[in-house]
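# Fold and contact review
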Amino acid sequence: MPIWYNRDVTRESKNILAFCAPFATWIGLQTLLPATASTYALRSAATLLVLLTVFLPRFRRQAESPSPRPGLFGASLWGLLGGLLVFILWVVPEKSTFYCTWCCWPLGSPPTPSTEPSPYDPAVCGWTLTLAKLIGSAFIIAPAEEIFFRSFLYRWLQKRDFLAVPRTNFDASAFLWMVFLFLLEHDRPLAAALAGAIYGLLYIRCGLFAAILAHMLTNLLLALYVIVYGLWNFW
């Protein structure tokens, strides 16, 4: 065995890779590929593959943390309520011009209706790719983000051996940094900050399943809202 080999360092590196790889795949492809319906489907497929082959096997071997958690019914109920609340907080403020001007990127720019058709409109890309966008946003990127921001980043900011940090351990500094970094990824920073805080509290109180369920419900409702009312600016 090489002298530089350290079993603990190698184990921690593999854990970090497993928890970060799905989100890194998503962001990496988002940076490299143009924003089209077909490339969104490609990103979704690649991220799902990484979730199944890199994260899931490692997660099964490593218990998330020795923390107590509520039963499946309680976690599901809180997850569904949290997801519905985030959806409401995301959509309702859009009716305010002040909110759209000062609480959405770029700050200080009054909203102007886009004259360009959305690449995700079925009239442009077809229903297959529109539904692929719905599936990707609700059932693939939502789990990838929760695994990274809540299960990994929040605990890693407390201790580099993040799996040793109990899920229920509340650290204000780590929590605020997690929320801040999460909002930077979204074009509605205030709504994203509230969402990150709600998902974070669900994770601490009920576990990763509740946070993922909430995020999936939010994105699913938002996708249905976009398709039914044609409000493609949310996508």
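Residues numbered from 1 in each chain as written. Predicted model: local features only at pLDDT ≥ 70, side-chain atom pairs only at ≥ 80, totals over all residues. Heavy atoms only, no water.

## What about the overall build of the chain?
Selection rule: Elements are defined by DSSP. Helices are runs of H or I of four residues or more, strands are runs of E of two residues or more, and each kind is numbered from the N terminus. We compute the radius of gyration over the C-alpha atoms and compare it with the globule rule, which gives 2.2 Å times the number of residues raised to the power 0.38. The buried label goes to any residue with under 20% of its type's maximum accessible area, the exposed label to any with over 50%, and the partly exposed label to all in between, with areas taken from a 1.4 Å probe on protein chains only. Note on definitions: a residue-residue contact is assigned when non-hydrogen atoms from the two residues lie within 4.5 Å. Only the protein chains shown count as cover for residues, with accessible areas throughout obtained via the Shrake-Rupley method and a probe of 1.4 Å.
From N to C terminus, the chain includes 10 helices and 0 strands. When its helices and strands are written in sequence order, the chain yields α-α-α-α-α-α-α-α-α-α. In terms of C-alpha radius of gyration, the chain reaches 19 Å, essentially the compact-globule figure of 18 Å for 235 residues. Reported as C-alpha extents along the three principal axes, the dimensions of the chain are approximately 60 × 35 × 35 Å. Looking at the chain as a whole, 46% of its 235 residues qualify as buried. Sequence separation of at least 24 residues holds for 74% of the intrachain contacts in the chain that already meet a minimum separation of 6. With an accessible surface of roughly 12,300 Å², the chain has 70% of that area assigned to carbon and sulfur atoms.

## Looking at the packing of aromatic side chains
Stated precisely, the cut-off is as follows: Side-chain rings of Phe, Tyr and Trp, where Trp is taken by its six-membered ring, are said to pair if the distance between their centres is within 6.5 Å; with planes under 30 degrees apart they count as stacked, over 60 as edge-to-face, and otherwise as tilted.
Applying the stated rule across the entire model yields 22 aromatic pairs. Each ring, one from F87 and one from Y225, has its centre 5.9 Å from the other, and the planes form 80°; the classification is edge-to-face. In this pair, F87 is assigned in helix α3 (residues 72-91) and Y225 in helix α10 (residues 208-229), connecting sequence segments 138 residues apart. For F87, a relative accessible area of 15% translates into the label buried. Measuring from ring centre to ring centre gives 5.9 Å for Y225 and F234, while their planes differ by 70°; the resulting arrangement is edge-to-face.

## Some thoughts on helix α9 (residues 189-206)
The criterion, for reference: An expected span of 1.5 Å times one less than the residue number is assigned to each helix.
The first and last C-alpha atoms of α9 sit 25 Å apart over 18 residues, in line with the 26 Å expected at 1.5 Å per residue. With 13 of its 18 residues buried, α9 lies for the most part within the structure. One or two residues past the end of α9 sits G207, with phi positive at roughly 110°.

## What to know about the side chain of K133
We apply this condition: Here Asp and Glu are counted as negative and Lys and Arg as positive; His is not counted, and neither are the chain ends. For salt bridges, the criterion is a side-chain nitrogen of Lys or Arg within 4 Å of an Asp or Glu carboxyl oxygen.
Structurally, K133 is set in helix α6 (residues 127-139). Although K133 is buried, it makes no salt bridge; D187 carries the closest opposite charge, 9.8 Å away. Once residues lying within four places of it in the same chain are set aside, the contact partners of K133 are Y40, Y120 and W235.

## Considerations on α10
Across its 22 residues, α10 extends 32 Å between first and last C-alpha, which sits within 8% of the 32 Å expected from 1.5 Å per residue. G230 sits one or two positions beyond α10 and adopts a positive phi of about 65°.

## Remarks on the packing of α3 against α9
Operational definition: Comment: axis = line fitted to C-alpha atoms, over the contacting stretch for helices; angle = value between 0 and 180 degrees taken between N-to-C directions. By definition in this entry, angles of less than 35 degrees are roughly parallel, angles greater than 145 are roughly antiparallel, angles of 65 to 115 are roughly perpendicular, and the rest are oblique. Classification convention: Asp, Glu, Lys, Arg as charged; Ala, Val, Leu, Ile, Met, Phe, Trp, Tyr, Cys, Pro as nonpolar; all other residues, Gly among them, as polar.
Where α3 contacts α9, the two axes come as close as 9 Å, and the packing angle between them is 175°. On the basis of their axis angle, the class for α3 and α9 is roughly antiparallel. Counting all contacts with α3, which are made through A75, W78, G79, G82, L85, V86, L89 and W90, the residues of α9 involved are A191, A192, L194, A195, I198, Y199, L202 and C206. Of the residues that constitute the contact of α3 with α9, the class distribution is 14 nonpolar, 2 polar and no charged.

## Quick look at the side chain of S118
Structurally, the position occupied by S118 is in the loop between α4 (97-102) and α5 (122-125). The residues touching S118, leaving out its near neighbours within four places in the chain, are V124 and W232.

## Here we look at the environment of S44
In this fold, S44 is placed in helix α2 (residues 37-61). Excluding residues within four positions of it along the chain, S44 makes contact with W26, A132, G136 and I140.

## With respect to the environment of G79
Along the polypeptide, G79 turns up in helix α3. Relative accessible area serves as the criterion here: at 0%, G79 is assigned to the buried category.

## Things to note about the packing of α6 against helix α7 (residues 141-156)
At a minimum axis distance of 3 Å, the contact between α6 and α7 shows a crossing angle of 20°. What the angle tells us is that α6 and α7 run roughly parallel. Contacts from G136, S137, A138 and F139 of α6 reach α7 at I141, A142 and P143. Classifying every residue of the contact of α6 with α7 by side-chain character gives 5 nonpolar, 2 polar and no charged.

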